[in-house]
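Summary of the model geometry
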Amino acid sequence: MSTPIHRTSTRQSAAVLTSAQQRRKGSRTGSTSARSTEHALLAMQSRAGNRATTAAVQRARDTARDPARDTERDRAAENGGASAGAKKKNYRDRIAALLDRFKKNLEPIDTFIKGFQTPTNAAFTQQAAVSANEGLKHSTAASGTSAASGNLLTEAAGTVVSGMDAYKNMKDAKKHETGANHHTAKKKAKTKGADAVVGAANSGSYSAAIAKEVTKVQKAADAAVASEASGIASASIGAIKGMRSAFRVGGAAGKYRQIKKLGDPHVVQAGSLARLNESREQAGWAAAEAYVALDAYWAHDGPERLELVSEAIDAAWDAMGEARDAAETLQHAERDVEKLSTVQGYAKKKQLTKMGKETVSGGGESTKAAAGIVTAVAAGTVGLASNPVGWGLAGTGAGLVLGVTMYKALRAATKRYEEVHHPERWAPKGETPAEAASRKESLQHALKFWKKVSKGERQAMAREIYALAAGPDISGSGSTTAEMRESARSLLIALKSGPAKHKLEPEAWVETLNDPAKTGDWIQEIAEQLASG
């Protein structure tokens with residue numbers, strides 16, 4: 001798998017070498033344009049992209065040669081009882097993990113290309129077309145070939161990973177015919193399947209972009225046709241991504257409306273809290289009356305005094321116990337109301353954030369689609385996208401998408417930092433938090449962009465929602481009132497984790513919530529639904 005990657009890198013380096021030879025030739029002939037800052041910048045971009053891609057390939061190879069992985073392979077070899085199907089699945093999982101790691105190593109390079117190199121190339125292409133500078137045209141074409149090749153490599157790896165994930169989750173959905181596992185796997189299968197389809201289409205778009213730039217490098221007669229085809233492909237994939245973002249915004253908006261309909265828990269649970277408070281007061285009065293009766297029996301001088309006092313002590317003790325239980329029930333219900341209010345607010349915030357990110361990202365993709373249309377029209381009329389509107393739209397669209405990408409990366413890095421530097425913040429109740437890492441170690445962990453956060457705020461909120469919705473057999477949920485439990489289950493339905501989504505009858509769905517063996521599955525399901533639209 002590494003061999004084709006090396007050939008791609010070599011082709012990119014060859015394109016840059018051709019560009020460098022052209023500049024040296026121009027220098028010998030006395031051309032001043034060959035020594036321009038534009039040529040230097042474009043060459044620098046190409047070389048940086050090639051070196052970064054090579055480094056990513058090397059990191060992926062190092063991962064494949066990880067001693068820990070070698071140890072796992074040795075242990076697997078010693079286990080002669082493993083079935084052929086299990087071994088095949090193990091190999092498939094390893095390949096998927098390796099490709100996923102390789103893709104994530106390429107993503108920073110891909111972000112640089114999309115956010116900086118491609119818009120810069122578009123601007124220089126416009127300048128070269130206006131000034132009829134053949135040397136600059138050649139350099140921008142070489143840099144564009146390098147950029148599109150880097151994009152294609154990242155997209156192809158992502159497409160393969162998404163396809164493998166979709167296949168795996170489809171099998172899991174069939175294996176788990178109902179319940180939280182079924183819904184989680186089914187949703188992931190759909191999402192990853194769509195990612196694979198979009199990735200394949202995007203790979204075709206990048207292939208068209210490479211063909212366009214190569215025709216420019218070779219000064220082929222059909223360069224305008226290739227440019228027009230590339231513009232059409234870019235417009236099509238941008239429109240598809242824009243529509244997909246629009247659907248995601250719609251899904252998040254629907255969830256937000258459903259959660260909002262649940263109302264403020266303080267208002268919804270006001271009647272329940274009032275009844276619990278009334279019960280507490282009545283229990284308190286009963287305890288007071290029992291103590292008054294006890295005092296009266298102490299003052300009694302008859303022969304049955306000791307028997308009456310003993311009975312009064314028992315009655316007072318029972319009354320105090322009931323008063324204490326009523327007070328604890330009220331306090332627990334008040335805390336549950338605060339928890340439910342917190343998790344509902346968090347769920348609404350997550351949907352609003354998703355709507356904002358998808359709106360900006362979809363707007364960027366739509367703008368890039370418009371740029372592709374302008375490119376295609378310009379190529380068919382005035383030649384090779386010399387219209388400044390084209391590269392202006394491309395730069396704007398790239399800026400919007402880059403902004404969302406940088407925001408996501410910064411948020412993920414912050415969460416990874418907090419995960420190890422403040423492990424007690426989101427640690428599960430009853431679990432001893434891990435030892436806090438130093439600032440340096442936390443920063444190093446934050447930079448591991450290929451790792452997902454496993455103990456963050458979203459996971460903690462999922463545990464809170466489950467604890468409120470679960471049945472009395474779940475640890476920590478036995479004191480939850482029926483009204484509070486019903487409200488928490490209504491939140492699950494609003495998050496699209498209700499009985500219908502799990503292909504279960506309401507009674508069976510409730511039983512899964514009260515099954516300790518399904519606790520982990522439920523928490524994972526809720527965490528996934530909090531993040532999705």
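Residues numbered from 1 in each chain as written. Predicted model: local features only at pLDDT ≥ 70, side-chain atom pairs only at ≥ 80, totals over all residues. Heavy atoms only, no water.

The subject of this paragraph is the overall build of the protein chain. A tally of regular secondary structure across the protein chain gives 16 helices and zero strands. A total of 533 residues make up the protein chain; the buried ones form 41% of that total. (Helix = DSSP H or I, 4+ residues; strand = E, 2+ residues; numbered from the N terminus. Buried < 20%, exposed > 50% of the residue type's maximum accessible area, 1.4 Å probe, protein only.)

On to the layout of surface pockets. Space inside the second largest pocket adds up to approximately 490 Å³. Along the wall of the second largest pocket there are 23 residues; nearest its centre are Lys429, Ala460, Arg463, Glu464 and Ala467. Among the secondary structure elements, those contributing two or more residues to the lining of the second largest pocket are helix H10 (305-381), helix H13 (457-469) and helix H16 (519-531). The element contributing the most residues to the lining of the second largest pocket is H13, with seven residues. (1 Å grid on protein atoms, 1.4 Å probe; cavity = no way out; pocket = protein on both sides within 12 Å on 5 of 7 lines; lining within 4 Å. Points joined across faces, edges and corners; volume = space filled by probe spheres on them.)

Helix H15 (residues 506-513) packs onto helix H14 (residues 482-494) with a crossing angle of 105° between their chain directions and a minimal axis gap of 13 Å. The orientation of H14 relative to H15 falls into the category roughly perpendicular. In this structure, H14 uses Arg489, Leu492 and Ile493 to contact H15, whose residues at the interface are Trp509, Val510 and Leu513. Of the residues belonging to the contact of H14 with H15, the class tally is five nonpolar, no polar and one charged. (Axes fitted to C-alpha atoms, helices over the stretch in contact; angles between N-to-C directions. Parallel < 35°, antiparallel > 145°, perpendicular 65-115°, else oblique. Contact = heavy atoms within 4.5 Å. Nonpolar A, V, L, I, M, F, W, Y, C, P; charged D, E, K, R; others polar.)

By secondary structure assignment, the location of His502 is in the loop between H14 and H15. Separated by 2.9 Å, the side chains of His502 and Glu525 make a polar contact. Discounting residues that sit within four places of it in the chain, His502 has contacts with Thr178, Gly179, Ala180, His183, Ser497, Trp509, Trp522 and Glu525. (Polar contact = N/O pair within 3.5 Å; in protein donor to acceptor, adjacent residues only side chain to side chain.)

A few words now on H13. Its 13 residues give H13 an end-to-end C-alpha distance of 18 Å, which sits within 8% of 18 Å, the value for a rise of 1.5 Å per residue. Residues of H13 that are buried include every one of Gln459, Ala460, Met461, Ala462, Ile465, Tyr466, Leu468 and Ala469, and no others. (Expected span 1.5 Å × (residues − 1).)

Moving on, we come to the packing of H13 against H16. Two elements in contact, H13 and H16, have axes whose closest approach is 8 Å; the angle formed by their N-to-C orientations is 120°. The angle between the axes of H13 and H16 places the two elements in the oblique class. Every pair of crossing elements has a handedness; the one defined by H13 and H16 is right-handed. Taking contact as the criterion, the partners of Arg458, Gln459, Met461, Ala462, Arg463, Ile465 and Tyr466 in H13 are, on H16, Thr519, Trp522, Ile523, Ile526, Ala527, Glu528, Leu530 and Ala531. Across the contact of H13 with H16, the residue classes break down as ten nonpolar, two polar and three charged. (Left-handed = near helix turned anticlockwise from the far one by under 90°.)

A positive phi angle is found at Lys496, which is not glycine, with a value near 65°. Despite not being glycine, Lys503 shows a phi value in the positive range, around 55°. Relative to the helices and strands, Lys503 is located in the loop between H14 and H15.

Attention now moves to a nonpolar patch on the surface. Side chains of Ile240, Met243 and Phe247 sit close together on the surface and give an oily, nonpolar patch of about 350 Å² of accessible area. By relative accessible area, Phe247 is classed as exposed at 68%. (Patch = residues over 30% accessible without salt bridge, like charges linked within 9 Å, V, L, I, M, F, W, Y side chains within 5 Å. Areas by Shrake-Rupley, 256 points an atom, 1.4 Å probe, with all protein chains shown as cover. Salt bridge = Lys/Arg side-chain N within 4 Å of Asp/Glu carboxyl O.)

By size, the foremost hydrophobic cluster in this structure holds 29 residues, and its most contacted members are Ile465, Tyr466, Leu492, Trp522, Ile526 and Leu530. Looking at this core, the elements that each hand over two or more residues are H10, H13, H14, H15 and H16. Broken down by element, this core gets its largest block of residues, six residues, from H13. Discounting residues that sit within four places of it in the chain, Leu492 has contacts with Ile465, Ala469, Ser497, Gly498, Trp509, Leu513, Trp522 and Ile526. (Core = buried A, V, L, I, M, F, W, Y, C linked by side-chain atoms within 4.5 Å.)

Here the focus is the environment of Met461. Position of Met461 relative to the elements: it lies in helix H13. According to the relative accessible area criterion, Met461 is buried, its value standing at 10%. Each C-alpha atom, one on Met461 and one on Ile526, is 8.7 Å from the other, the two residues being 65 residues apart in sequence. Other than its neighbours up to four places away in sequence, Met461 contacts Thr342, Val343, Tyr346 and Leu530.

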